[in-house]
Amino acid sequence: MESSDSDDTHAPPSSTSSSTISTLFSSSGESSNSSGDSSGGSGDIAAVAAAELATNRRCVGRQDRVSWGSTTVIGRRSAMEDAVAIVPSFVLDTCCCVGGCTAPGSRSSGDVSGIHFFGVYDGHGGAEVADFCAQRMHEVVAEEWSREGHDSHEWQKRWQDTLCSGFRRADDQVITEAGASEMVGSTAIVAVVSGCQIILSNCGDSRAVLCKRTQTIPLTVDHKPDRVDELARIEGEGGRVISWNGARVLGVLAMSRAIGDRYMSPYIIPVPEITFTTRSEEDECLVLASDGLWDVMSNDEVGEVARRLIRRMRRSTVAGNTSPAQVVADHLTQLAIGRNSSDNISIIVVDLKSRRRHQATQ
C-alpha cells in the first residue's frame, strides 16, 4: 500500500497560475492500492473553499479535508489494461474559478487553493492508451486550463472547454507521443474536486456515483452504443450497431466513446460529457470505477455499501493509518471478485467528509 501527504502551503503568487504537484498513478500491474489525504494544518494540502455561496449558504468546503483510497487489480483477466491516477492539487487557482465562492479567512474569492484530480482509465485492445492517460491526462488538462481565459463569471464554460480540449489532445497524443496502435483505446472518467464543486468528465462506460446521506446519485451516464442519442449519432455517420454479446459498434466495441480507437473513427469519439455538482453537507463519498465493478454491482448497491462502511470506519478507533476511503475501495473490490467479475477492477473512493467536521459532531 502506498500513502501520500502533500503540502500546498506555498501557493503561487498569481491567481491564474497552475501547477502539477504530485501524482499517484497505477497501471499495468497485477494489483495495486493507494490512499492519502489532503488538508490544511500540519503539512497537508489545503482544500479550502468558500464561506458563502451565491445563495448565502455556508460553503461545505470550509476547513475541508479530502482523503482517498484506490485499488486496481487484474481480476480474472489474463492481462492488466486498467490504470488510475490521483493528483492532489493538480491545479492551484482561485475559488472564483470553481464556483465563485470565498475561502474561509480570506477577504475575497481571489485566494488560491488546491483543486484535485482523480482518473480511472479502462483500456481495451492493450494497456498503452490507459497507461498514457494515467501518466499524462492530468498534465494535459492542467496545460489547457492555463491557456483558457480567466473570466470568473464563465467558470463552468472554462472547465468545459478545458476538459474537452484536454481529452482531444490526449486522443491525439496517444498516437503522436505514445505510439499506440490505432486498434487500442481506453475509457476515461475524470473527477475534478474542489472545496465546493465536483466536476465529472466522462468518455466511455466507466462510471461515477455520489453517495449522499440517504441517496446514491449517478454523476455519469454510460456511453453505450444502444443509448438512443449515441445510436442516432453513430448511424448518422454511416455506422452500425450490431448485437453481438451485447450492443457493439460495428459488432466490435461495447462503448461508443473512448480515447484512441482511431480505426473506429468517426463512430467512436473522444468527446466527454461533463457535469457540475455543488458539494453539500450530505455528501459522504465519491466512487469512480471501471466496469469490472459496475458489471456485477448496481449503483445503489455500491452506494449502500460505501455509505455504511465509510461511516463505520470514521467511528472506528482501530483503523490505524488506513483511511476509511481505502477500506471502502478494498471492500468493493473483494465484493466484485466474489461476484465473479470477469474484468480488471479499478476503483477510487474520495471521502468528502472533513475529519474535523465529523469529529466535531461526535
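Attention in this report is confined to the structure presented alongside it. These figures come from a predicted structure and were not determined experimentally. (Residues numbered from 1 in each chain as written. Predicted model: local features only at pLDDT ≥ 70, side-chain atom pairs only at ≥ 80, totals over all residues. Heavy atoms only, no water.)

## Things to note about the packing of helix α5 (residues 299-315) against helix α6 (residues 324-338)
Relative to each other, α5 and α6 sit at 140°, their axes nearing to 9 Å. The orientation of α5 relative to α6 falls into the category oblique. As α5 packs across α6, the resulting crossing turns out to be right-handed. Every residue of α6 that contacts α5 at V302, V305, A306, L309, I310, M313 and R314 is listed here: P324, A325, V327, V328, H331, L332 and L335. Looking at the contact of α5 with α6, its residues break down into 12 nonpolar, 1 polar and 1 charged. (Axes fitted to C-alpha atoms, helices over the stretch in contact; angles between N-to-C directions. Helix = DSSP H or I, 4+ residues; strand = E, 2+ residues; numbered from the N terminus. Parallel < 35°, antiparallel > 145°, perpendicular 65-115°, else oblique. Left-handed = near helix turned anticlockwise from the far one by under 90°. Contact = heavy atoms within 4.5 Å. Nonpolar A, V, L, I, M, F, W, Y, C, P; charged D, E, K, R; others polar.)

## Comments concerning the nonpolar core
In this structure, F90, Y121, M137, W159 and I259 are the most contacted members of the largest nonpolar core, which totals 36 residues. Those elements giving two or more residues to this core turn out to be β5 (82-94), β6 (112-124), α1 (128-147), α2 (155-176), β8 (188-193) and β9 (197-203). Top element by residues in this core is α1. It accounts for 9 residues. With 23 residues, the next largest nonpolar core counts V73, A289, M297 and A325 among its residues. (Core = buried A, V, L, I, M, F, W, Y, C linked by side-chain atoms within 4.5 Å. Buried < 20%, exposed > 50% of the residue type's maximum accessible area, 1.4 Å probe, protein only.)

## Notes on the packing of α1 against α2
As a packed pair, α1 and α2 sit with axes 8 Å apart at the nearest point and diverge in direction by 140°. Classed by the angle they form, the pair α1 and α2 counts as oblique. Seen along the crossing, α1 lies across α2 with a hand that is right-handed. In this structure, α1 contributes V129, F132, R136, M137, V140, V141, E143, E144, W145, S146 and R147 to the contact, and α2 contributes R158, W159, T162, L163, S165, G166, F167, R169, A170, Q173 and V174. Of the residues in the contact of α1 with α2, the class split is 11 nonpolar, 5 polar and 6 charged.

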